[in-house]
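Topology and contacts: notes
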Amino acid sequence: MLKEALDGQLTVLYNTVAASVQVQVEPVGRWFEAFLKRRSRNVSASFQELEEEEELSEEEEDEELQLEEYPMLKTLDPKDWKNQDHYAVLGLAHVRYKATQKQIKAAHKAMVLKHHPDKRKAAGEQIVEGDNDYFTCITKAIEILSDPVKRRAFDSVDPTFDNAVPSKAEGKENFFAVFAPVFERNARWSLKKHSPSLGNMDASFEDVDNFYSFWYNFDSWREFSYLDEEEKEKAECRDERRWIEKQNRASRAQRKKEEMNRIRTLVDTAYNCDPRIKKFKEEEKARKESEKKAKAEAKKREQEEKERARQAEATAARMLKEKEEETARQAAQQAKKEKEAQKKAFKKERQKLRNTCKARNRHCFSRAALLSQICAQLLRYFTQNYFTDNEADSVRMMEEVEKLCDRLELTSLQTLNEALSSGDKEQSKAALEKQVQEVNVQLQKEKEAEIQAQQASRSAEHASGGGGGLNNRGWNEEDLQLLIKAVNLFPAGTNARWEVIANYMNQHSSSGAKRTAKDVINKAKTLQKLDPHQKDEINRKAFEKFKKEHSFVPPTVDNAVPSERFDAPESNSAPWTTEEQKLLEQALKTYPVSTPERWEKISAAVPGRSKKDCMKRYKELVEMIKAKKAAQEQVSAKNKK
């Protein structure tokens, strides 16, 4: 040790102090246990100090432990030990399930010293022999509470525990004051050490959600084996013991189910009465409403943007269309002007050609000869000769000149006119004849090509028409009209359609040609390939023929006044439209035969048609249906044969 410095003296250190070094020490054994205890208690103390502190705390608890005498102890029936309160018997009613094993042993020791039969007998108290003495209840109490399994079974059915669940009316009045103690006392059954508290009105959504998640998934250790009505140790045989175990398991499962239903009812009631849940729901609803409103506003803005873009596009398209229309109109006007100018040029050149050809022959004769010719041909009214004195050749040449005017283009006409104007008569005639010859050769080629095309068409029609004889006879307009009518009368889906159509045509054709189904199919295919204008022309001719046949009225012999029945307005000869046909069919269904003034009502239901028109159309439909049925029956008879 350093000597103590006197007053006025200084202490001087001559050697340097070594630097401090930090060493990592890992606790093991009892020191590791002390380390864990210090960390859990958040203290810094040695192992011996912790042990001493624990021993002191236990001694203090033992000193502070005060037993409560059970007033009904001496009146207990030892045979009914299962229904007694073991904690009250040992004087631990105020501690109950919180009592430690040391406290239980100390309480039992105190009760034995006080209530043991030998002690009471020495004091002169009358003792009941055997197991009928109340001291047996103390023995049973220490037997149950000293065994952890049996003690847990007894704690599960603690007679002092309150299993009541508050009602909704109680919870709505003062939620936290009513439900907080209920959840606290029921938390003792949880297998998890730490259970969340109910909290208050200011708790966050996460805390409330964790609380109800814990209780909705509550795992209880509570079991009800203490309430078994039968004890398997009393069984006389193995089968009886098994039967007792089965009965006990069933009763325990039923009580466990009831307990879980009680917990679930408690949680549901608290959840429904919790004002925080209502607040959270209102906040969530308000949030969803705000999101919905924002979404609707965004959608509205998007639609407005789309509408503006659409209007802008429509405006741009309209302006572009107007610009294109204006450009097209100007182009059309320009083309029209050019066409008119070209037309005038054509007319001018043609007239020039005619005048040149006419004038050429007049200039080659003398005035006297011309006068004599004019006088000789006065009856022909100034007929021109066109490079010849012969009238027939002049007419022929005039036709050739007109042919040139029709066939030649503007440039060709201008070239020919220049040649005729610049040369003499012989040169002009040669140029004209050369041009006429070229045009005639071109016309001959076109005519030959047209003849070849017609021959090819006739050969193709002949090849598609089938064999010769009466069946290969040509199709006239009446047969084509009848074929079109039959195809419309017997639509696709009709049984043996083409045989029925051929039979129908053979019955109604006036040409006498017998058509087969193959002939009808080939001709129908040919008609489908025709130009729509040709089809319209065939239908138009058919309608004109129908109108001509039905509009003819034979002359009457006398001038008798028609009866009132036929005194109707003039009939409408226009063909029936699809809408009029539907109205007529509906009117025929609406007004049956027994209806008075039936045809007047039917004609009133079909606008634009008179009574006579409706009756006439009805007869045509009846005849058409009869012909259709007859054709189908005939084909069916042939198929049966």
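Here the structure is a predicted model, which means the values were calculated and not measured. (Residues numbered from 1 in each chain as written. Predicted model: local features only at pLDDT ≥ 70, side-chain atom pairs only at ≥ 80, totals over all residues. Heavy atoms only, no water.)

A few points about the nonpolar core
Buried together is how nonpolar side chains tend to be arranged in soluble globular proteins. Defined as follows: The criterion is simple. A nonpolar core is a set of buried Ala, Val, Leu, Ile, Met, Phe, Trp, Tyr and Cys residues joined through side-chain atoms within 4.5 Å. Burial classes follow relative accessibility: with a 1.4 Å probe on protein chains only, a residue under 20% of its type's maximum area counts as buried, one over 50% as exposed, and anything between as partly exposed. In DSSP terms, a helix is any run of H or I states spanning at least four residues, a strand is any run of E spanning at least two, and both are numbered starting from the N terminus. Residues are treated as being in contact if the distance between any of their heavy atoms lies within 4.5 Å.
With 25 residues, the main nonpolar core has Leu73, Leu90, Leu92, Ile104 and Ile138 as its most contacted residues. Those elements that place two or more of their residues in this core are α3 (86-89), α4 (101-115), α6 (135-146) and α7 (148-156). A total of seven residues in this core trace back to one element, the largest contributor, which is α6. If we skip the residues at most four places from it in the chain, Ile138 touches Leu73, Val89, Leu90, His108, Met111 and His115. The next biggest cluster of nonpolar side chains, apart from the first, holds 23 residues, and it includes Phe175, Val208, Phe214 and Phe280.

Details of a negative patch on the surface
What counts is decided by this rule: Patch construction takes residues with relative accessible area above 30% that form no salt bridge. Like charges are linked within 9 Å, and nonpolar side chains (Val, Leu, Ile, Met, Phe, Trp, Tyr) are linked within 5 Å. Values of accessible area rely on a 1.4 Å probe in the Shrake-Rupley scheme; residue burial ignores everything except the protein chains shown. In what follows, salt bridge is the name for a side-chain nitrogen of Lys or Arg lying within 4 Å of a carboxyl oxygen of Asp or Glu. In summary, the charge assignment counts Lys and Arg as positive and Asp and Glu as negative, without counting His or the chain termini. Think of each charge as sitting on NZ of Lys, CZ of Arg, CG of Asp or CD of Glu.
Where like charges cluster on the molecular surface, the negative patch consists of Glu229, Glu230, Glu236 and Glu240. Summarising the element assignment, Glu229 is placed in the loop between α10 (205-216) and α11 (238-273).

A short note on the packing of aromatic side chains
Our working definition: By convention, a stacked pair of Phe, Tyr or Trp rings (six-membered ring in the case of Trp) has centres within 6.5 Å and planes under 30 degrees apart, an edge-to-face pair has planes over 60 apart, and any other such pair is tilted. Any Lys NZ or Arg CZ that is within 6 Å of a ring centre and within 35 degrees of that ring's normal is treated as a charge sitting over the ring.
For the structure shown, the criterion picks out 20 aromatic pairs. Their ring planes at 55° and their centres at 6.4 Å tell us that Phe211 and Trp215 sit as a pair that is tilted. One end of the pair, Phe211, and the other, Trp215, are both in helix α10, four residues apart, so they sit about a helical turn from each other. Take Phe211 and Trp215: they sit in the same class, and that class is buried. Sitting over the ring of Tyr97, Arg188 keeps its end group 3.9 Å from the ring centre. The lysine or arginine in question, Arg598, covers the ring of Trp599, its NZ or CZ lying 5.4 Å from the ring centre.

Things to note about α4
We apply this condition: Expected helix span is computed as 1.5 Å times (number of residues minus one). Working note: the arc is built from the helix axis to C-beta atom directions.
In a regular helix each residue adds 1.5 Å, so 15 residues correspond to 21 Å; α4 covers 21 Å between its end C-alpha atoms and thus fits that length. By the burial criterion, the buried members of α4 are Gln103, Ile104, Ala107, Met111 and His115. Angularly, the buried residues of α4 cover 100° about the axis, an arc narrow enough to put them on a single face. Away from its buried face by more than 90 degrees, α4 exposes Lys105, Lys109 and Leu113.

Brief notes about the environment of Ser511
By the element assignment, Ser511 lies in the loop between α18 (497-508) and α19 (517-529). For the pair formed by Ser511 and Asp479, sequence separation is 32 residues and the distance between their alpha carbons is 7.8 Å.

Observations regarding helix α9 (residues 175-186)
Its twelve residues place the ends of α9 17 Å apart at the C-alpha level, agreeing with the 16 Å of an ideal helix rising 1.5 Å per residue. All buried positions along α9 are accounted for by Phe175, Phe179, Val182, Phe183 and Asn186. Angular distribution of buried residues about the axis of α9 spans 95°; they occupy a single face of the element.

Considerations on the packing of helix α17 (residues 477-489) against α18
So the rule is basically this: Every axis in this analysis is a line fitted to C-alpha atoms, fitted for helices over the stretch in contact. Angles between the N-to-C directions lie between 0 and 180 degrees. Convention used here: angles under 35 degrees read as roughly parallel, angles over 145 as roughly antiparallel, angles from 65 to 115 as roughly perpendicular, and any remaining angle as oblique. Each helix crossing is assigned a hand: it is left-handed if the near helix lies turned anticlockwise from the far helix by less than a right angle, otherwise right-handed if that turn is clockwise. Residues are sorted three ways: Asp, Glu, Lys and Arg are charged, Ala, Val, Leu, Ile, Met, Phe, Trp, Tyr, Cys and Pro are nonpolar, and all the rest, Gly among them, are polar.
Interhelical geometry of α17 versus α18 gives an angle of 140° and a closest axis separation of 10 Å. Comparing their axes, α18 and α17 come out oblique. Between α17 and α18 the crossing geometry is right-handed. Along the contact surface, α17 presents Asp479, Leu482, Leu483, Lys485, Ala486, Val487 and Leu489, while α18 presents Arg497, Trp498, Ile501, Tyr504, Met505 and His508. Taken together, the residues that form the contact of α17 with α18 break down as nine nonpolar, one polar and three charged.

Remarks on a nonpolar patch on the surface
A cluster of nonpolar side chains, contributed by Val21, Val23 and Val25, occupies part of the molecular surface with about 330 Å² of accessible area. Along the polypeptide, Val21 turns up in the segment before α1 (30-41).

A few points about the environment of Asp228
One can find Asp228 in the loop between α10 and α11. Each C-alpha atom of the pair Asp228 and Arg252 lies 7.8 Å from the other, and the pair is 24 residues apart in sequence. Contacts of Asp228, omitting those with residues within four sequence positions, involve Lys82, Asn248, Ser251 and Arg252.

A look at the packing of α18 against α19
At a closest axis distance of 8 Å, the pairing of α18 and α19 adopts a crossing angle of 95°. Looking at the two axes, α18 sits roughly perpendicular to α19. Here Trp498, Glu499, Ile501, Ala502 and Met505 of α18 lie close against α19, whose contacting residues are Ala517, Val520, Ile521 and Ala524. For the contact of α18 with α19, the residue count by class is eight nonpolar, no polar and one charged.

Some remarks on the side chain of Arg497
The condition that has to hold: Counting of polar contacts relies on pairs of N or O atoms within 3.5 Å, with two restrictions inside protein: one atom must be capable of donating a hydrogen and the other of accepting it, and residues adjacent in sequence are counted only when both atoms are side-chain atoms.
Counting through the fold element by element, Arg497 comes out in helix α18. Although Arg497 is buried, it makes no salt bridge; Glu499 carries the closest opposite charge, 9.3 Å away. Within the structure, the side chain of Arg497 is placed 2.7 Å from the backbone oxygen of Phe490, a separation counted as a polar contact. When sequence neighbours within four positions are dropped, the list of residues in contact with Arg497 reads Val487, Phe490, Pro491 and Ala492.

Some points on the confidence of the model for the protein chain
Cut-off, in case you're wondering: Within a predicted model, pLDDT stands for the predictor's per-residue confidence, ranging from 0 to 100.
Per-residue confidence for the protein chain gives a mean pLDDT of 78, with 77% of residues at or over 70. Mean pLDDT across the secondary structure elements of the protein chain bottoms out at helix α13 (residues 367-376), with 38, and peaks at α10, with 91. In this model, residues 361-385 is a region of pLDDT below 50 whose contacts with residues beyond four sequence positions or in other chains number 19 contacts. Low confidence marks residues 552-569, where pLDDT is under 50. Its contacts with residues over four positions away, or in another chain, come to two contacts.

Side note on the pattern of salt bridges
All told, the structure shown has 25 salt bridges when counted by the stated rule. Here Arg262 ties to Glu259 by a salt bridge, and the two come within 2.9 Å at their closest N and O atoms. Placement of the pair is Arg262 and Glu259 together in helix α11, with a separation of three residues, close to one helical turn. According to the relative accessible area criterion, Arg262 is buried, its value standing at 12%.

Focus: unusual backbone geometry
With the exception of glycine, most residues fall at negative phi, and the peptide bonds are largely trans. Of note in this structure, Arg96 is not a glycine but carries a positive phi near 55°. Structurally, the position occupied by Arg96 is in the loop between α3 and α4. Its relative accessible area of 9% is what places Arg96 among the buried residues. Unusually for a residue other than glycine, Glu597 sits at a positive phi of about 50°. Along the chain, Glu597 turns up in the loop between α21 (578-590) and α22 (598-605).

What about the side chain of Ser190?
Mapping Ser190 onto the fold places it in the loop between α9 and α10. With relative accessibility at 9%, the residue Ser190 sits in the buried group. Side-chain polar atoms of Ser190 contact the backbone nitrogen of Lys192, separated by 3.1 Å. Once you skip the residues sitting within four places of it in the chain, Ser190 turns out to touch Phe214, Phe218, Asp219 and Trp221.

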